[in-house]
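# Inside the fold
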Amino acid sequence: MKTFVYRLLDVFTNVPFGGNPLAVFTDARGISDAMMQSIARELNLSETTFVLPPRDRSHHYWVRIFTPLAELPAGGLPTIGTAYALALEERLRQEAARQRVVFEEQTGPISVTM
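Residues numbered from 1 in each chain as written. Predicted model: local features only at pLDDT ≥ 70, side-chain atom pairs only at ≥ 80, totals over all residues. Heavy atoms only, no water.

### Focus on the packing of aromatic side chains
Tallied over the full model, the rule gives four aromatic pairs. Taking 4.9 Å as the distance between ring centres and 25 degrees as the angle between the ring planes, the aromatic pair formed by Y6 and F25 counts as stacked. Here Y6 is found in the segment before β1 (7-11), whereas its partner F25 is found in strand β2 (residues 20-25), with 19 residues between them in sequence. Assessed through its relative accessible area of 39%, Y6 is described here as partly exposed. Given a relative accessible area of 4%, F25 falls into the buried group. An aromatic cluster is present here, built from Y6, F25, F50 and F66 joined pairwise through their rings. Its end group placed over the ring of W62, R55 keeps NZ or CZ at 4.0 Å from the ring centre. (Phe/Tyr/Trp six-rings, centres within 6.5 Å; stacked < 30°, edge-to-face > 60°. Helix = DSSP H or I, 4+ residues; strand = E, 2+ residues; numbered from the N terminus. Buried < 20%, exposed > 50% of the residue type's maximum accessible area, 1.4 Å probe, protein only. Lys NZ or Arg CZ within 6 Å of the ring centre and 35° of its normal.)

So, in structure tokens, the structure goes:
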């Protein structure tokens, strides 16, 4: 079985183990839809995000958001947390000149300004 790396974050806080927990799989290529749902169910957090290459070239990433029970079309906490996780991995620093990243989510493009 292939190994996938994820980050566990506390969003909307500066206190460890405070705020809202979020798991972010920063490179979810190779994880099936069913496996994404299984992972979210196993982690049992409010949300788990999976970052994929964009389907539309005008966006930077395709972000899929799952709860333990279903996929969500969008969400503020998981979107902000995912942007932060990608920034930690230096991926968003390449976009520093723009100070903005556009995620493709089910509801459409979501812009995050860093």
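That covers the picture; the talk isn't over yet.
### Focus on the nonpolar core
Within the largest apolar cluster, 15 residues are counted, with the highest numbers of intra-cluster contacts made by V24, V51, Y61, V63 and F103. Going through the elements one at a time, β1, β2, β4 (61-66), α2 (76-88) and β6 (100-105) are the ones with two or more residues in this core. With four residues, α2 is the largest single contributor of residues to this core. Grouped together as the second largest cluster of nonpolar side chains are ten residues, I31, M36, A40 and F50 included. (Core = buried A, V, L, I, M, F, W, Y, C linked by side-chain atoms within 4.5 Å.)

### Side note on helix α1 (residues 33-43)
For an α-helix, 3.6 residues make a turn, and residues three or four places apart therefore share a direction. Considered for burial, the residues of α1 that qualify are M36, Q37, I39 and A40. Projected onto a plane normal to the axis of α1, the buried residues spread over an arc of 160 degrees and lie on a single side. The outward face of α1, more than 90 degrees from its buried face, is lined by the exposed residues A34 and E42. Elements that come into contact with the buried residues of α1 comprise β2, β3 (47-52), β4 and β5 (71-72). Where α1 ends, the next residue or the one after it, N44, has phi of about 60 degrees, a positive value. (Arc of directions from axis to C-beta. Contact = heavy atoms within 4.5 Å.)

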